[in-house]
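Residues per chain are reported as follows:
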Amino acid sequence: MTGPERYPDDRAGGFPSPPRTVEDAEGRTIELRVYDGTDADREALRAMYEAFDPADRAQGIPPSRPSKLGDWLDRILDDDCYNVFAWDGDDVVGHVTLVPENGTDSPYELAIFVLQSHQGAGIGTALIETTLGYGAEQGISEVWLTVERWNRAAVGLYEKIGFETTDAESFELEMAIRLDDQTESTG
Amino acid sequence: MKVLLGIGGSDDSVRALERVVARTAEVGDDLTVAIVENPRSPRSREEIAERTRAELDDAGIDAEIRQVEGDPGSELVDIAEREEFDEIALGGGQTSPMGKINVGSIAEFVLLNAHTSVKLVR
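So, how was this worked out
Residues numbered from 1 in each chain as written. Chains lettered and ligands numbered in written order. Predicted model: local features only at pLDDT ≥ 70, side-chain atom pairs only at ≥ 80, totals over all residues. Heavy atoms only, no water. Helix = DSSP H or I, 4+ residues; strand = E, 2+ residues; numbered from the N terminus. Rg over C-alpha atoms; globule rule 2.2 N^0.38 Å. Contact = heavy atoms within 4.5 Å. Areas by Shrake-Rupley, 256 points an atom, 1.4 Å probe, with all protein chains shown as cover. Lys, Arg positive; Asp, Glu negative; His and termini not counted. Charge placed at Lys NZ, Arg CZ, Asp CG, Glu CD. Buried < 20%, exposed > 50% of the residue type's maximum accessible area, 1.4 Å probe, protein only. Pairing = 2+ DSSP bridges. Right-handed = clockwise from strand over helix to strand, strands pointing away. UniProt positions renumbered as here; feature names shortened; annotations may be inferred. Phe/Tyr/Trp six-rings, centres within 6.5 Å; stacked < 30°, edge-to-face > 60°. Lys NZ or Arg CZ within 6 Å of the ring centre and 35° of its normal.

1. Side note on the overall build of chain B
For step 1, the next point in the chain: Helix and strand content of chain B: four helices and seven strands.
For step 2, the next point in the chain: Listing each helix as α and each strand as β along chain B from the N terminus yields β-α-β-α-β-α-β-β-β-α-β.
For step 3, the next point in the chain: Its C-alpha atoms give chain B a radius of gyration of 13 Å, within 12% of the compact-globule value 14 Å for 122 residues.
For step 4, the next point in the chain: Reported as C-alpha extents along the three principal axes, the dimensions of chain B are approximately 35 × 30 × 25 Å.
For step 5, the next point in the chain: Nonlocal contacts in chain B, meaning residues at least 24 apart in sequence, comprise 73% of its contacts between residues at least 6 apart.
For step 6, the next point in the chain: Carbon and sulfur atoms provide 44% of the accessible area of chain B, an area that totals close to 5,900 Å².
For step 7, the next point in the chain: The averaged location of the 25 negative side-chain charges in chain B is 6 Å from the averaged location of its 14 positive side-chain charges.

Structure below.
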């Protein structure tokens, strides 16, 4: 399974970069930070996925079996991937990952997960925008994802951010975005 | 049980071939392998037929290998109905770079249209 055959012509830009602190709709202070590669960060992420409601899994991820969850974290926390966590105090409550098809010059696949207790509070939007800003800084231009077509809330959120549907022929809707080059704008 | 295995040459279809052949050897199903068109397959039809023959020989199974022309999903459903198969078996989808499962268009069509049971092999 590879990404889209084409990407939108229009480029999307102006996304914020991590680290950022935002207040969610429930008044909670949420910090958005890049995964720092430490075991502590990895364990905090693992704890979020261990608490994750299986009903909110998407297309088989995150895996529930502990050994499979470990394998999956190895894959997405690899050096060629980009990961941003949303923290509420000492807990990871949301996570966006960008995983390349093959090597850092290829398009990146995006996925987002937000813990049930923190859904519907705007954290997902802030997290995706911030991760796209981070990705653009790192020189990524093509990002794609698939989403179950009945997940209207997610599809609406991706559209609002600037994703366009690139394939509506399958069970899963395929969407993509082309990022502006933000590598020079380190403000 | 009369089983129709449809394979187009993608990685998941090759996995389905291995699993279904192993299962057939175990339970003695009556297996037919239909090699269908898949423009996105990384393997040629000849390669797939050879691979299928080798798998069947290794398992000591006598099964028909059939080359099927035309739209794969509708051909499989049609063959299963006309020849009274009990089950259609297919590859259960590819995984994306980060491990998301994506069900292919052939499987989707067969799931929605077959009157037999459908097995997606993961």
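2. Some remarks on the pairing of strand S1 (residues 2-7) of chain B
Residues and elements named next belong to chain B.
For step 1, the next point in the chain: Most of S1 sits out of view: five of its six residues are buried.
For step 2, the next point in the chain: Alignment of S1 against strand S2 (residues 30-35), held across six bridges, turns out to be parallel. When the sheet's bridge partners are listed, isoleucine 7 is paired in S2 with isoleucine 35.
For step 3, the next point in the chain: Handedness of the S1-helix H1 (residues 11-27)-S2 crossover: right-handed.

3. Side note on the UniProt feature "domain: N-acetyltransferase" (unreviewed entry) in chain A
For step 1, the next point in the chain: Mapped onto this numbering, the UniProt entry annotates "domain: N-acetyltransferase" (unreviewed entry) at residues 32-180 of chain A.
For step 2, the next point in the chain: Along residues 32-180 of chain A one finds 32% helix and 31% strand; the C-alpha atoms at either end are 21 Å apart.

4. Considerations on the packing of aromatic side chains
For step 1, the next point in the chain: Counted by the stated rule, this structure contains 10 aromatic pairs over all chains.
For step 2, the next point in the chain: On the basis of an interplanar angle of 55 degrees and a centroid distance of 5.8 Å, the ring pair of Tyr49(A) and Phe52(A) is categorised as tilted.
For step 3, the next point in the chain: Joined through ring pairs, the aromatic side chains of Tyr49(A), Phe52(A), Trp72(A) and Phe113(A) make up one cluster.
For step 4, the next point in the chain: One Lys or Arg, Lys2(B), reaches over the ring of Phe85(B) and ends 4.7 Å from the middle of that ring.

5. Looking at the pairing of strand S9 (residues 172-179) of chain A
Residue and element names in this part refer to chain A.
For step 1, the next point in the chain: Buried residues dominate S9, accounting for eight of its eight residues.
For step 2, the next point in the chain: The alternating pattern of S9 places Glu172, Glu174, Ala176 and Arg178 on one face and Leu173, Met175, Ile177 and Leu179 on the opposite face, and all of these are buried.
For step 3, the next point in the chain: Pairing geometry for strand S1 (residues 11-12) and S9, over two bridges, is parallel. From the neighbouring strand, arginine 11 faces S9, where its bridge partner is arginine 178.
For step 4, the next point in the chain: Note that strand S8 (residues 164-167) and S9 share three bridges and pair antiparallel. Counterpart to aspartate 167 in the pairing with S9 is glutamate 174.
For step 5, the next point in the chain: Counting the residues in the hairpin turn of S8 and S9 gives four residues.

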